Structures are given as C-alpha cells and as structure tokens.
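# Geometric and topological summary
Spelled out, the chains give:
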Amino acid sequence: MCLLLLKRPKSKRFLLCFIEESKYELFCRLEGVNSVLYSTSAQYIHLIPETVSPLLQSLLSSSPFTHVVSSTSSTSKSLLPRVSALLDLPTLSDITSVEHDSSTSATTFTRPIYAGNAISTIRAPADVKIKFFTVRGTAFPPASSHETDGEGVEVKAVESVEVSDPRTEHIKTTITKSDRPDLGVASRVVSGGRALKNAETFEKVIYPLADALGAAVGASRAAVDAGYVDNSLQVGQTGKVVAPELYVAVGISGAIQHLAGMKDSKMIVAINKVVFALATFSYISLMFCVAPVFRTPTPLYSKSPMLDLLLTCTKPCQS
C-alpha cells in the first residue's frame, strides 16, 4: 500500500510505502515524487489499520503535510478515516476531481453520490490543516514513470510505532488466482448477469468470450448473490468500479447500482436487458446465441468479424 503525502506551498510530494527494503526504487521512478518514506517493520506486513494508524498519527501530528491521498480500496477506506479522526479532521472518499487554490489554501473536490446520479462538490477551506481523501482510480490517468533509477529523489526510512497489544489480529489472506487480467485495471471486461440462470451457463457463455477478447470477467450483484461467481468479480456500487476501453454486458438488467460501476467505460456492448441508452452497440436476441457469434469465424473470414471489430476499436488488456 502507498500513501501520497503533499507538502504545500512548495508542492513537495512524499510517497509513504510499506514494502520490502529492496523495492523502494520502483517508487522513486514515479513522475513528480520528490521523496520516498518507507517502513519495513514486520508489524506492517498485513497493514492492519489499528496497527498502522499510530504511525501515521505520529508522522502527521507535527508535520508540514497538507494533503494525504490514497486510492480507493478496502484498506484505505478503513485506515484514512481512522487517522483523520485521531487528528480531529474529516476524510473524503472516492473523489473524481481535485483543484487546489494556493492563494487561499483551499481545495475543492467532486465526488459521485446517489449511485453516480449526482455529483457533489466539496470545498475544504484552509482551516482544515490536512485534507484526507481517496481517489477513484478510473477518474485519473495512471502515473508515468522515469526510465532512470529516481535520481534526485530523497529516500528515508521511518521508524515504526510499536503497538504492544493490538486488538485486531491477522489470521490469513486468501487470494483468488486467475490467468485472466485483473478486473480493476483491465482494458476489456465481459460481465454476466442473473439472466444466465446458473453458474454452469455463466461459465459456458462468459468465459470463452472473455478469453477470445483477452478480457477480465465481471458480474452483476444479482449474479454474485445467486452464486454464479465469487464476489471478487462484482462490478457496481458495492463492488468494483471499472472504466475499461470495452465493456461487454451479457444479460444484465441495468440496475442503477451496476451502472454506477461501469458507466464510464469507453465502449459498451449490451447483449440483452442492460439499459441500451448507455451502449455503443446493442444486440437484442437470445444471449446464448449472440455471445458465441462474437468469437465464431465465418467461411470467408479467418476469425469472427464482430470480435475483430472489438479488438480493433479497443486497446490490449493490462494484466
């Protein structure tokens, strides 16, 4: 996990990392980073919020930092509000834009509310000494990196703050492994809904199409609740928010909670049921017939024309 700590008015950017000592060079290459703070303490291996909070509280209590930023994740949504509360400060989550006024030291944010149907604008004035917020990753371009080894970037180890009797203990971590691209960063996603009827049909219809496109697999909440797939594949307001180059929705009803997680996709292909107003291409037919057509060659063509169209119009997947 990394936290970006900003120091104004000189626009210094510090990156706080919890990593192995030999890996901090990777973060030194990031564009705009002036200093890397890192900790290799064994108690931060699993990043339990109750254990990490005292370190951040100590680091920020008497510091010149003005902003603390993290990507939106389960860990950051648990950690940042805890630290900001210890410092008697607010936290904003899932922001989609940020603008800082150096003359007044105020920062203005926007974030979606009501499942993305409205945009809230929040202004944090100068008397909010440190602005804590998490960002929606799909709303910002990825950070660029230098080819050099981060020359000129200051690297400093921070001392850990020991927690003698933590109330929370890490038991185990279970990671779902897949050869397909990660859903959160994939540039192509194929998602299925409850209309696929069962897990066997979901696997038969969705997985071959995803493999043909080199895409990640997603699902609606209804499909997850019905047990078709694991909840790590859920797309929507209570799942993952994605914005791929291509989003193929198969048998998804288009509930507002699902749209909140995928409506920023560059190209949306809808096969049955999903709200067609959002779609670039829409197909109204039996999904069990249409989905295979996307990957089936024709007598005059070595591969599927529909598949080739989608591959041509979108960028390759990021794994």
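Figured I'd write up the structure that's included with this text. Please read all numbers here as calculations on a predicted model, not as lab measurements.

How each quantity is defined
- Residues numbered from 1 in each chain as written.
- Predicted model: local features only at pLDDT ≥ 70, side-chain atom pairs only at ≥ 80, totals over all residues.
- Heavy atoms only, no water.
- Helix = DSSP H or I, 4+ residues; strand = E, 2+ residues; numbered from the N terminus.
- Contact = heavy atoms within 4.5 Å.
- Salt bridge = Lys/Arg side-chain N within 4 Å of Asp/Glu carboxyl O.
- Buried < 20%, exposed > 50% of the residue type's maximum accessible area, 1.4 Å probe, protein only.

On to the side chain of Ser220, then. If you trace the backbone, Ser220 turns up in the loop between β12 (216–219) and α5 (221–225). Sequence-distant contacts of Ser220, that is, excluding residues within four places in its chain, are made with Gly192, Gly193, Arg194, Gln234, Ile252 and His258.

Counting through the fold element by element, Arg221 comes out in helix α5. For the pair Arg221 and Gln257, spaced 36 residues apart in the sequence, the C-alpha separation amounts to 8.5 Å. For Arg221, the residues in contact, after removing those within four places along its chain, are Gln234 and Thr238.

Glancing now at the pattern of salt bridges. Throughout the structure, instances matching the rule amount to four salt bridges. Residue Asp94 pairs with Arg136 through a salt bridge whose shortest N-O separation is 2.7 Å. Here Asp94 is found in strand β5 (residues 91–95), whereas its partner Arg136 is found in the loop between β9 (131–135) and β10 (154–157), with 42 residues between them in sequence. You can call Asp94 buried: its relative accessible area is 17%. Arg221 is paired through a salt bridge with Asp225; the nearest N and O atoms lie 3.4 Å apart. Of this pair, Arg221 and Asp225 both sit in helix α5, four residues apart, roughly one helical turn. Residue classification places Arg221 among the partly exposed positions, given a relative accessible area of 47%.

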